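Chain residues, written in single-letter form:
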Amino acid sequence: MIKPENIKGHLETITRHRHEVIKNCFRAGIGFQGLFHDLSKYSPTELIQGFKYYQGNRSPNEKERELYGYSKAWLHHKGRNKHHYEYWIDYSLDKGKQMAGLKMPIKYVIEMFCDRVAASKNYNGDKYTDADAYNYYSRSKDHYMIHPETAVLLEKLLIMLRDKGEDETFAYIRKEILGKKK
C-alpha cells in the first residue's frame, strides 16, 4: 500500500525539481524547452513507482533498482527525455563496438546541465554548493556511455559552475554556446 506521505513527498520533490530546472533553462536561454522538462514523471508508469519507492533523500528509482535489479520508471523516463545521455545510446556504426553514446544536440546538453544543477539543489538542500553537480558527475563518469564531445561540454560547464558560479556559467551558455545576447 502506498503511504499518503510518500504521495505528498514525491509530488513535492518532482515538482520542486521541475521548477528549478525551468528556472535554470530560462537563465541558460532555453526557457521554452524547460517548460517541457520531465513531464513524463507525471505519467502513471513513473508516478506510481515514485510513490511506492519514495524515500526523500534519493531517487525512488534507486530503491526500485535495488529491489528488482532494474527500474521500470527509469527505463520509461530515459526513453522519453532527450536531456539524458542514456536516451542517445544506440547501435554503433563502428564495426568494433556494439553500442555507443551518440553526440547530443547542444540544447539537450544544456538541459542536462540545468537538470544536474537542479537535482543537486533538490537532494542537498541547505548543504548545496556549486561543486555538487560536478562532484556527482565525476564519481560516475568513468562508466558513462556518452559521446566524447558531449562529455567534454558537460564537464566544462560543471567545472565552470564549480569554479565560477551560476551567474557566470549561465551567461557563458547564453552568449558563447547559444550566441544569444542578454
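Residue indices begin from 1 for each chain and proceed along its sequence in written order. Two thresholds apply to this predicted model, a pLDDT of at least 70 for residue-level local features and 80 or more for giving and counting side-chain atom pairs, whereas whole-chain, interface and lining totals are computed over all residues. Processing note: side-chain calculations cover all non-hydrogen atoms of the structure and skip hydrogens and water entirely.

### Quick look at the nonpolar core
Right, so step 1: With 29 residues, the main nonpolar core has F113 and C114 as its most contacted residues.
Right, so step 2: Only runs of H or I of at least four residues qualify as helices and only runs of E of at least two qualify as strands under DSSP, and these elements are numbered from the N terminus. Where this core is concerned, the elements lending two or more residues are α1 (4-28), α6 (106-124), α7 (132-140) and α8 (148-177).
Right, so step 3: Here a residue-residue contact requires only that any non-hydrogen atoms of the pair lie within 4.5 Å. When near neighbours in sequence (up to four residues on either side) are disregarded, F113 contacts L154, L157, L158, L161, T169, F170 and I173. For this analysis, a nonpolar core means a set of buried residues of the types Ala, Val, Leu, Ile, Met, Phe, Trp, Tyr and Cys, connected via side-chain atoms within 4.5 Å. Only protein chains enter the calculation, and the probe is 1.4 Å; a residue is then buried if its accessible area is under 20% of its type maximum, exposed if over 50%, and partly exposed in between.

### Remarks on the packing of aromatic side chains
Right, so step 1: Pairs were defined over the aromatic rings of Phe, Tyr and Trp, the Trp ring being its six-membered one, requiring ring centres within 6.5 Å. Orientation was assigned from the angle between planes: stacked under 30 degrees, edge-to-face over 60, tilted for the rest. Inspection of the entire model under this criterion finds seven aromatic pairs.
Right, so step 2: Ring plane angle 40° and centroid distance 4.7 Å describe the contact between Y85 and Y144, whose orientation is recorded as tilted. Here Y85, found in the loop between α5 (72-78) and β1 (89-91), pairs with Y144, found in the loop between α7 and α8; they are 59 residues apart in sequence, far enough to count as distant.
Right, so step 3: Aromatic ring contacts, followed pair by pair, group Y85, Y137 and Y144 into a single cluster.
Right, so step 4: Two conditions define a charge located above a ring, namely a distance within 6 Å from the ring centre to NZ of Lys or CZ of Arg, and an angle within 35 degrees of the ring normal. One residue, R162, lies across the ring of Y134, its end atom 4.7 Å from the ring centre.

### A word on the side chain of T13
Right, so step 1: With respect to the secondary-structure elements, T13 resides in helix α1.
Right, so step 2: The exposure class of T13 is buried, given its relative accessible area of 10%.
Right, so step 3: Of note is the side chain of T13, whose polar atom sits 2.8 Å from the backbone oxygen of G9.
Right, so step 4: For T13, the residues in contact, after removing those within four places along its chain, are Y54 and N122. Side-chain atoms alone can form a polar contact between residues adjacent in sequence; in general such a contact is a pair of N or O atoms within 3.5 Å, and within protein one must be able to donate a hydrogen while the other accepts it.

### Digging into α7
Right, so step 1: Of all the positions in α7, only D132, A133, Y134, Y137 and S140 are classed as buried.
Right, so step 2: In this structure, the buried residues of α7 make contact with α6 and α8.

### Observations regarding α6
Turn by turn, an α-helix covers 3.6 residues, leaving residues three or four places apart pointing in a common direction.
Right, so step 1: Expected helix span is taken as 1.5 Å per residue step, with the number of steps being one fewer than the number of residues. In this model α6 runs 27 Å from its N-terminal to its C-terminal C-alpha over 19 residues, within 8% of the 27 Å that 1.5 Å per residue would give.
Right, so step 2: A large share of α6 lies buried, amounting to 14 of its 19 residues.

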